[in-house]
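What follows is the residue order along each chain.
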Amino acid sequence: MKILIVGIATAVGRRLAEEMLNLGYEILGLDIRPWPGVPKEIEITRADIRRKPAEEVFRTRCPDTVVYIAPAAGAAQDYDRRYRMNLESTRAVFEYSNNYKAKQVVFVSRHMVYGAAPDTSMYCSEDDPPYGGLTFPKLNDIFTADLYASQALWRYPDLNVILLRMVYTLGPSRRGALARFLKGPGVPTILGFDPLFQFMHEDDHVHAIITAMEAKLHGVYNIAGPQPLPLSTLIDKAGKISIPIPQRWYPPFLERFGYPEIFANSINHIKYSVIIDDKKFRQATGFMHRYDENQTLKAFRYGA
Amino acid sequence: MEDTLGELLNLIRGVVAGVYDDMQECNNLLEKIDLSLNKDGIDPYGVSRNYLKMLYPAMKWLYRHYFRVRAIGIENVPDEGPVMLVGNHSGGIPVDGTMTVMSMIIDHDPPRYPVGMVDRFAQKMPIVSPLLIRLGQVTGVREQAERLLNEGRVLLIFPEGIRGIGKLYKDRYEMVSFTSGFMRLALKTGAPVVPFAFIGGEEAIPTIMHARKLGNLLGAPYFPITPYILPLPLPVPCQIYFGEPMYFKDEGDCEDVAKKVALVKTRVEELIETGLKNRVEETEQP
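Residues numbered from 1 in each chain as written. Chains lettered and ligands numbered in written order. Predicted model: local features only at pLDDT ≥ 70, side-chain atom pairs only at ≥ 80, totals over all residues. Heavy atoms only, no water.

Draft legend 1. Representation of the interface of chain A and chain B. Facing 23 residues of chain A, the contacting portion of chain B comprises 25 residues. The junction of chain A with chain B conceals about 1,900 Å² of combined surface from both sides, 53% of it contributed by carbon and sulfur atoms. At the surface where chain A touches chain B, the tally comes to five salt bridges. Between chain A and chain B we count ten residue pairs in polar contact (both at pLDDT 80 or more) in total. Counting residues per element, the ones that place at least two in the side of chain A that touches chain B are strand S13 (229-230), helix H8 (231-237) and helix H13 (293-302) of chain A. For the side of chain A that touches chain B, the residue count by class is ten nonpolar, six polar and seven charged. (Contact = heavy atoms within 4.5 Å. Buried area = accessible area lost by both parts, 1.4 Å probe. Salt bridge = Lys/Arg side-chain N within 4 Å of Asp/Glu carboxyl O. Polar contact = N/O pair within 3.5 Å; in protein donor to acceptor, adjacent residues only side chain to side chain. Helix = DSSP H or I, 4+ residues; strand = E, 2+ residues; numbered from the N terminus. Nonpolar A, V, L, I, M, F, W, Y, C, P; charged D, E, K, R; others polar.)

Draft legend 2. Summary view of the environment of Asn76(B). Residues and elements named next belong to chain B. With respect to the helices, strands and loops of the structure, asparagine 76 is situated in the loop between strand S1 (70-72) and strand S2 (83-87). For the pair asparagine 76 and tyrosine 45, spaced 31 residues apart in sequence, the C-alpha separation works out to 27 Å. Filtering out sequence-adjacent residues up to four positions away, asparagine 76 remains in contact with Val194, Phe242, Gly243, Glu244 and Pro245. Side-chain polar atoms of asparagine 76 contact the backbone oxygen of glycine 243, separated by 3.4 Å.

Draft legend 3. Fine view of the pattern of salt bridges. Scanning the entire structure with this criterion turns up 32 salt bridges over all chains. A salt bridge links Asp278(A) to Arg282(A); the nearest nitrogen and oxygen atoms lie 2.7 Å apart. Between Lys167(B) and Glu160(B) there is a salt bridge whose closest N-O contact spans 3.1 Å. We classify Lys167(B) as buried; its relative accessible area is 6%. Look at the salt bridges and you will find they share partners, linking Arg15(A), Glu202(A) and Asp203(A) into a network. (Buried < 20%, exposed > 50% of the residue type's maximum accessible area, 1.4 Å probe, protein only.)

Draft legend 4. Structural context of a nonpolar patch on the surface. On the surface, a cluster of nonpolar side chains totalling about 720 Å² of accessible area is made up of Leu5(B), Leu8(B), Leu9(B), Leu11(B), Ile12(B), Val15(B), Val16(B) and Val19(B). Tracing the backbone through its elements, the reader meets Val16(B) in helix H1 (residues 2-32). (Patch = residues over 30% accessible without salt bridge, like charges linked within 9 Å, V, L, I, M, F, W, Y side chains within 5 Å. Areas by Shrake-Rupley, 256 points an atom, 1.4 Å probe, with all protein chains shown as cover.)

Draft legend 5. Looking closely at the side chain of Gln239(B). Residues and elements named next belong to chain B. Along the chain, the position of glutamine 239 falls in strand S9 (residues 239-242). For glutamine 239, a relative accessible area of 5% corresponds to the buried category. Residues in contact with glutamine 239, not counting those within four places in the same chain, are Arg70, Ile72, Ala197, Phe198, Ile199 and Arg279.

Draft legend 6. Summary view of the packing of helix H6 (residues 142-150) of chain B against helix H8 (residues 181-189) of chain B. All names here are of chain B. Remark: H6 packs on H8, axes separated minimally by 10 Å, with the N-to-C direction vectors making an angle of 40°. Overall, the two elements H6 and H8 adopt an arrangement that is oblique. The hand of the H6/H8 crossing is right-handed. On H8, the residues touching Arg142, Ala145, Glu146, Leu149 and Asn150 of H6 are Leu185, Lys188 and Thr189. In terms of residue class, the contact of H6 with H8 is built from three nonpolar, two polar and three charged. (Axes fitted to C-alpha atoms, helices over the stretch in contact; angles between N-to-C directions. Parallel < 35°, antiparallel > 145°, perpendicular 65-115°, else oblique. Left-handed = near helix turned anticlockwise from the far one by under 90°.)

Draft legend 7. Representation of the sheet that holds S2(B). Residues and elements named next belong to chain B. Within the open sheet, the seven strands sit side by side as S1-S9-S6-S2-S5-S3-S4. Their pairing is mixed. A single partner strand is all that each edge strand has here, and the edge strands are S1 and strand S4 (138-139). Bridge count between S1 and S9: three bridges; the pairing is parallel. Considered in S9, the bridge of isoleucine 72 is made with tyrosine 241. Packing against the sheet, H8 makes contact with S2, strand S5 (154-157) and strand S6 (193-199), and its axis sits at approximately 160° to S2. (Pairing = 2+ DSSP bridges.)

Okay, structure coming up:
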């Protein structure tokens, strides 16, 4: 089976490509960013998904499955530009996939689409309304792209669409939004709050995407790993120190010290929990995470 | 002087030994309790063994010695499976909820850990919000309650809500209307409703007025003012009267839900009446 990974140069994209290659799949990649040291078996095209060279990959290489890694949260400083880019890219992925007869598209989204608020349910199922736009207004483009992608479920009846809402990843690569948030010796938290955080090992993350793809699921699925931990425990187990900051000074602090925009722009996320229920996915596929919360944090902490 | 110092040291030694014993007792209780704590002592809802151990000695002291709580009919609460404890709310700050949770841990055999359905404003408050989560008290959201019941947990529900806890002393033990959400949950999940009356909460914090502006400043709908200004609970003996479990079947009729809610409310009122009558009789006994 020929698989095209859009966003292959991201941490998840690279790991996914390597794992799929090991499983014997033919891997193609599309990304505007480079991947230095890419395995020679992987054929990469450096192009913007919205432009002609990217469409040519779909037309000439005819992938059976397209995996689209979550739209970027911090790729462009200009929010308006990022908003357009994320939505146009999502549209392009589905249009090309449909036009050039791909069989299925796996859209890898984020669990934050459910939002974090004091009055949301602690375990969100796929049926729960997406409050992300309300509680993280500056990440609205990511959630709108998720909802736009879900339209493809009925808009393209010949295309099998799988929308995965996945929790954060952590692991030895130390890449990804949560890893960047935990990068320094001190991790800024909001004084007086300690939400639960849900995360999974990056190998489990990749394993879950492959499981969803091979099971040929259809529809929206939440994917989580082990049970959530309080942010303070997570920071402690990652070998870092918590720096409680009054809410008023939190965003400027994060911006000043270069923390991921996804956290600076979503204070609610550091105050309230976003926890998802992945029972539907586990029941449909029999998926079991291989790394518990301690093993995952150990892998992140010691890089092995 | 030496005698006084010796007595003081003995007192401190006694307190430390008592706290240590209580922490050991808490450890033993946590072994039996219906929580799914992981290796680090945290359950999937964020309940923390360390927090429970830390607060248990003080809570036990409040339960046994300060409020001298008696749990009457606690054997009516099923030993396993989903249960909804539904009772009257009172007192400005939730002494009733805290003591009812303690009654299920200390006096119920086997011990069970009720999850309180907390009003949304409390989850917005710094320090209070994480504390509530670590102690397993969650926001009163229907989906959350349903999930907990499906997992066989005990829910603690005060259907009078914020209007109930905000009652003034002059309106003590007069219940305001019940919301119907708990009954819809009972019908959907098949969980039994155990009605209960909390006696003593109204006198423990006799609220005479609400300071709304001060409350809003603190992120709460009001701040209870007592005759001695601050809402510090008085050492009033409290009793909890648990009724027999009530089982309901869904007959698909909206009016029927209202009737079933009224049945539960009437039962709680009867339990309050019994509790108040018994209290008067006990006081009058020589």
